[in-house]
Amino acid sequence: MTDLSPRHPLPAEPDRAEARQLLGRRRKAIIGAFVVLLVIAGGAATVAGLRNATLFFRNADEAIAERVELGDRRFRLQGRVVPASVAVDGGVTTFEVVHNCASVSVRHSVDPPDLFESPWIPVVLEGRWVAGDVVTVAGRDTHFFSSDNMLVKHTNEYVAANENRLPDPNEPPEGFLDDCPFEVPRL
């Protein structure tokens, strides 16, 4: 009679309890890895949000007064655009913003929004101080503001008196520069 038994012993079948245990460990490892990825993604989103929220917001006069403390950190600068100061050269828009009789020279490296064309429009710029000799309506300065992001604020200034007459775009809003020791250039 012929011997039909296997020449090599067959591997023992794993115990069903061991197989379930191994499968359970794999599931836990996959779920754990997924949870770790979610925590990392949530942390990255939180850090990005906090970085944006911690950008300092300064009016032009405050930014000048706190220039040393601000150093080369990014912050937001607020002021009204002096219409006669706007110039575009090689994709860079230069202009001045004024707030509380303080003027800051700005070099904006991205195309400004459409509403930027409005005279004396309030803007919020994101950027940092850069050393450089500039001349503003308020006099000479040792720094300019290098900006790469601009938000144009819509004003709520509506004039009911003399409704039929358009305001002179050269003239700042009423009372805006009354106490300033300098004259604003005209277009």
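This text goes with the structure placed above it.
Note that this is a predicted model, so its numbers are computed, not measured.

1. Observations regarding the overall build of the chain
Helices and strands together make up the secondary structure of the chain, namely three helices and seven strands. Going from the N terminus to the C terminus, the chain shows its helices and strands as α-β-α-α-β-β-β-β-β-β. The proportion of buried residues among the 187 residues of the chain is 29%. Across the chain, the fraction of contacts at a sequence separation of at least 24, relative to all contacts at a separation of at least 6, is 57%. Summed over its atoms, the accessible surface of the chain is roughly 13,200 Å², and 56% of this surface lies on carbon and sulfur atoms.

2. Considering the pattern of salt bridges
The tally for this structure, following the rule as stated, stands at six salt bridges. A salt bridge links Arg58 to Glu66, with the nearest nitrogen and oxygen atoms 2.6 Å apart. Residue classification places Arg58 among the buried residues on the basis of a relative accessible area of 19%. A salt bridge links Glu126 to Arg76; the shortest N-O distance between them is 3.0 Å. Placement of Glu126 in strand 6 (residues 122-136) and of Arg76 in strand 2 (residues 75-81) is noted, with a sequence separation of 50 residues between them. Salt bridges linked by common partners bring Arg74, Arg76, Glu126 and Asp148 together as one network.

3. Focus: unusual backbone geometry
The backbone phi angle of Asn100 is positive, close to 50 degrees, even though this residue is not glycine. Considering the arrangement of structural elements, one finds Asn100 in the loop between strand 4 (92-99) and strand 5 (102-108). Of note in this structure, Cys101 is not a glycine but carries a positive phi near 65 degrees. For Cys101, the position within the fold is in the loop between strand 4 and strand 5. A relative accessible area of 25% means that Cys101 is categorised as partly exposed.

4. A few points about the state of the cysteines
Tallying each qualifying case throughout the model produces one disulfide. Linked covalently through their sulfurs, Cys101 and Cys180 form a disulfide whose S-S length is 1.9 Å. Residues Cys101 and Cys180 are joined by a disulfide whose S-S torsion is about -90 degrees; by sign, that bridge is left-handed. Remark: Cys180 occurs in the segment after strand 7 (139-152) and Cys101 occurs in the loop between strand 4 and strand 5; sequence separation between them is 79 residues. You can call Cys180 buried: its relative accessible area is 12%.

5. Some remarks on the nonpolar core
Counting residues in each nonpolar core, the largest one holds 18 residues, and the members touching the most others are Leu77, Val97, Val123 and Leu125. Elements with a minimum of two residues in this core: helix 2 (60-65), strand 2, strand 4, strand 5, strand 6 and strand 7. Formed by seven residues, the second largest nonpolar core is a distinct cluster that contains Val98, Val137, Cys180 and Phe182.

Quick notes on the rules
- Residues numbered from 1 in each chain as written.
- Predicted model: local features only at pLDDT ≥ 70, side-chain atom pairs only at ≥ 80, totals over all residues.
- Heavy atoms only, no water.
- Helix = DSSP H or I, 4+ residues; strand = E, 2+ residues; numbered from the N terminus.
- Buried < 20%, exposed > 50% of the residue type's maximum accessible area, 1.4 Å probe, protein only.
- Contact = heavy atoms within 4.5 Å.
- Areas by Shrake-Rupley, 256 points an atom, 1.4 Å probe, with all protein chains shown as cover.
- Salt bridge = Lys/Arg side-chain N within 4 Å of Asp/Glu carboxyl O.
- Disulfide = S-S within 2.5 Å.
- Core = buried A, V, L, I, M, F, W, Y, C linked by side-chain atoms within 4.5 Å.

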